[in-house]
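Each chain, written out:
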Amino acid sequence: MMRRTASRCSIPWHGGALVLGMTLVSACAAVQPFDNAPPSSVRPWNAPNLPEYSAALARTEQAREPVSVDPQKTYELSELIDVAQRTNPETRVAWEHARQAAIAAGIAEGTYYPALVLAATGAIDHVPLPIPQTVVPGGVFTADTHFVIPALSLEWLLLDFGRRRALVDAAQALTMEATAGFNAKHQQIVFDVTRQFHALTAARGKVAAERAALDSARSLEESAAARKEHGLATLPELLQAQEQTARVTYDLEDALAAEHDARMALLETIGIRPGTPIDVADISQQPLPPTLDESVDEAIDRALAQRPDLIARLASVRAKEAEVRKARADFWPRFLARAAVAGNIGELKVENSPYQSVDELQYDAGFRFEWSLFEGFERRNKVYLAESQRREAEDELEHAKDKAVREVWKAYNDAKVALAKHRAAAALLAASEKAWAATLDSYQHGLATFPDVREAQRSLASARTVDVAARAEVLTRAAALAFATGDLARPVNGTSAP
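Residues numbered from 1 in each chain as written. Predicted model: local features only at pLDDT ≥ 70, side-chain atom pairs only at ≥ 80, totals over all residues. Heavy atoms only, no water.

### Things to note about the pairing of strand β7 (residues 334-350)
Bridge count between strand β5 (residues 140-159) and β7: 14 bridges; the pairing is antiparallel. Looking across to β7, one finds that S153 is bridged to A340. Note that β7 and strand β8 (residues 356-370) share 15 bridges and pair antiparallel. Its bridge partner lying in β8, E347 is registered against S357. Linking β7 to β8, which pair antiparallel, is a turn of 5 residues; within it E351 sits at a positive phi near 55°. (Pairing = 2+ DSSP bridges. Helix = DSSP H or I, 4+ residues; strand = E, 2+ residues; numbered from the N terminus.)

### Re the packing of aromatic side chains
The relative placement of two aromatic rings is captured by the distance of their centres and the angle of their planes. Following the criterion strictly, the structure yields 6 aromatic pairs and no others. Each ring, one from F191 and one from F483, has its centre 4.6 Å from the other, and the planes form 15°; the classification is stacked. Placement of the pair is F191 in helix α5 (residues 163-229) and F483 in helix α10 (residues 450-485), with a sequence separation of 292 residues. Using a relative accessible area of 26% as the deciding quantity, one classes F483 as partly exposed. Just above the ring of Y75 sits the side chain of K73; from NZ or CZ to the centre is 5.6 Å. The side chain of R99 reaches across the aromatic face of W95, ending 5.0 Å from its centre. (Phe/Tyr/Trp six-rings, centres within 6.5 Å; stacked < 30°, edge-to-face > 60°. Buried < 20%, exposed > 50% of the residue type's maximum accessible area, 1.4 Å probe, protein only. Lys NZ or Arg CZ within 6 Å of the ring centre and 35° of its normal.)

### Details of the sheet that holds β7
An order of β4-β5-β7-β8 is seen for the 4 strands of this open sheet, with the pairing classed as antiparallel. In this open sheet, the two edge strands, each paired with only one partner strand, are β4 (115-130) and β8. Pairwise comparison of adjacent strand axes, ignoring direction, gives a mean angle of 20° for this sheet. As paired strands, β4 and β5 are joined by 16 bridges and run antiparallel to one another. Paired with H126 across the strands is D144, a residue of β5. (Axes fitted to C-alpha atoms, helices over the stretch in contact; angles between N-to-C directions.)

Laid out in structure tokens, this is it:
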């Protein structure tokens with residue numbers, strides 16, 4: 001029988017049952033690993049080594065360097081982007097990927113150099129050999145050897161019909177692909193920070209609009225109260241004005257909560273803890289450009305020339321082309337030069353003779369010619385596979401180009417529509433402000449009804465909200481167009497750590 005415990009599996013042994021005992025031991029070994037797994041699926045489990053991992057995680061968090069932020073400084077968008085690029089861990093991961101690709105290219109280039117190997121072999125041999133008794137009476141010939149053989153060998157591939165060149169080209173193309181991915185990660189972070197920054201700007205504009213709406217509602221309530229005191233307004237009018245003030249107060253609190261959420265989202269995108277004191281610049285009243293400065297064709301041409309994702313796709317195509325050349329070069333022979341120098345240091349004795357020592361130099365040099373003539377069509381199939389992967393990479397590049405064109409078209413049209421909507425929203429806001437002022441004045445002088453002035457106040461609040469949303473949309477669409485064309489975080493000369 002087998003008894004399973006929390007820490008071991010014991011097997012009684014009664015002698016003679018060797019096969020049964022081995023079977024039980026195997027079964028015990030199969031059961032043992034489950035001792036470290038949760039006993040059931042119905043509740044969390046405190047694993048034996050869980051506290052160790054928790055303590056290690058806490059130490060890692062304590063050792064993390066805080067982000068350097070000046071609480072007395074007002075950070076503009078460009079400064080927030082700089083902080084994000086220096087602190088966001090995704091940029092460091094992409095940087096390491098680019099470095100690894102560059103190191104792999106260096107490894108490929110190293111195949112052009114000769115290989116120099118130093119080795120040493122030391123051993124003791126006792127070799128009995130059968131031999132006819134007519135030669136040795138005992139029928140066994142025994143030799144004892146003590147030896148050390150140090151050797152220095154050199155091997156240099158002189159001719160390989162393009163194998164190494166193809167490997168180097170593929171590695172360099174993959175380096176460019178990783179570098180383009182590194183730049184793409186920076187552009188993505190810049191775009192995310194820009195988008196969240198403008199979302200915060202829109203939230204702040206909404207707060208400003210709700211504050212203005214609250215001022216308008218209070219003005220309406222004061223006017224209704226004044227008319228009520230003079231017997232020119234009814235109690236329902238005053239109550240409706242107070243209701244409107246309460247509703248706008250609620251909307252203001254809701255806008256303040258949305259502003260807080262937008263701020264937290266921006267800090268998270270940058271890589272800053274939510275409790276970090278940082279003052280973000282408010283550009284909600286910054287003037288906007290009236291029109292786009294370029295045509296859509298110019299934007300498309302620039303995107304096709306500089307978008308990092310397209311550059312990465314092109315680099316992938318070149319890497320696949322190099323792999324095709326490598327697969328075809330494998331059909332050809334290899335020609336190598338080799339040389340070695342070694343020392344034979346040791347001693348030998350035969351039977352009962354004394355040891356005889358040796359300390360001599362040995363060497364060799366020559367050439368080696370290798371040509372694999374048949375290997376079961378492996379090389380041919382590798383060529384087919386490499387050519388298929390190259391065609392796949394080419395098709396992916398064309399698809400990526402078409403997608404980039406569509407993205408630029410959409411981003412360009414969205415930016416144009418956003419500018420047009422902002423102009424219309426600005427005109428609507430100006431008209432609503434004039435209508436509100438005129439209607440309120442007329443109501444105060446008894447020339448307009450309460451429903452008229454209340455509708456004017458609501459229309460003004462709606463116009464302010466539309467203007468804020470249109471302004472934020474212009475900024476966001478402009479950032480999306482810059483992202484689609486690859487203008488965000490353009491590469492700079494030189495190399496540096498992020």
